[in-house]
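Each chain, letter by letter, is given below.
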Amino acid sequence: FREEVIREIKGVARNTVTIPNGVDLDIFNYSNKNPPTVLYLGRFSKEKGVELIPEIAEKILEKSKRYKFVIAAKGNVELPELKIVAEKFNKLSKKYPKQFIWHKEALEKEEVAELIKNSGVCIQPSSYETFGLTVLEEMACGKAVVVSDVGGMPELVGKTGIVTKNDANFFSRKVLKLLENSKSRKKYGKMAAKRAEEFEWKLIANETLKLYRDVIEKRKEKDRK
């Protein structure tokens, strides 16, 4: 994401400092639950890639009755470009009543954390994403994440998760491999949780405070000159 800012505002590279979002590890903390359940958590919007989810879910759920696909997505389902997606979600709910679950209401942080902890794989097929706070929260809970190669997500996830093309076929293949291998899910989850510790809110707050102090000191030094 830093590189995107530098491209847009030319000539400020050496003066550009990026401080990421933080994660509340008191709420989003490691869970060793590891069921073959896929979770999509995010807004019901095109930029979040919700139009890819019906195809991804279908490819996964038809493989095994053991697999579940949980959606937590609130948004305006009546928008013309999203109405078809909502209809596909409803059809999947009817076809796989025990496997496809769609939470349409807004959830509290604690409820979100509980959904994450009761999943094994978390996906984020966004077409645009600056940082990926939801992905960070999923990583903090020790979940294997599969994200699209856009915005700041590849930098956030690194080698602790799976980064793939923003395409339903690519996503479903990567997710199915994880669902078929609980050890692989656990391995990625542990790496992700360790990575998430670097974004603990106290560390981010201290980093922000240090930046303000540095700016103030440089301003004072400039005024003295």
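Residues numbered from 1 in each chain as written. Predicted model: local features only at pLDDT ≥ 70, side-chain atom pairs only at ≥ 80, totals over all residues. Heavy atoms only, no water.

### Some points on the overall build of the protein
Then, number 1: If you tally the helices and strands in the protein, you get 9 helices and 6 strands.
Then, number 2: When the backbone C-alpha atoms are referred to their principal axes, the protein occupies close to 75 × 40 × 30 Å.
Then, number 3: Out of the 225 residues belonging to the protein, those deemed buried represent 44%.
Then, number 4: When the accessible surface of the protein is totalled, it reaches about 13,000 Å², and 51% of it is carbon and sulfur. (Helix = DSSP H or I, 4+ residues; strand = E, 2+ residues; numbered from the N terminus. Buried < 20%, exposed > 50% of the residue type's maximum accessible area, 1.4 Å probe, protein only. Areas by Shrake-Rupley, 256 points an atom, 1.4 Å probe, with all protein chains shown as cover.)

### Here we look at a negative patch on the surface
Then, number 1: A grouping of Glu105, Glu108, Glu110 and Glu111 is seen on the molecular surface, where their side chains present a negatively charged patch.
Then, number 2: Take glutamate 105: it is sitting in the loop between β3 (100-103) and α4 (109-117). (Patch = residues over 30% accessible without salt bridge, like charges linked within 9 Å, V, L, I, M, F, W, Y side chains within 5 Å. Salt bridge = Lys/Arg side-chain N within 4 Å of Asp/Glu carboxyl O. Lys, Arg positive; Asp, Glu negative; His and termini not counted. Charge placed at Lys NZ, Arg CZ, Asp CG, Glu CD.)

### A short note on the side chain of serine 148
Then, number 1: Position of serine 148 among the secondary structure elements: in strand β5 (residues 144-148).
Then, number 2: Within polar-contact distance, the side chain of serine 148 engages the backbone oxygen of serine 126 at 2.6 Å.
Then, number 3: Setting aside residues no more than four positions away along its own chain, serine 148 makes contact with Gln124, Pro125, Ser126, Met153, Pro154, Val163, Thr164, Asn166 and Phe171. (Polar contact = N/O pair within 3.5 Å; in protein donor to acceptor, adjacent residues only side chain to side chain. Contact = heavy atoms within 4.5 Å.)

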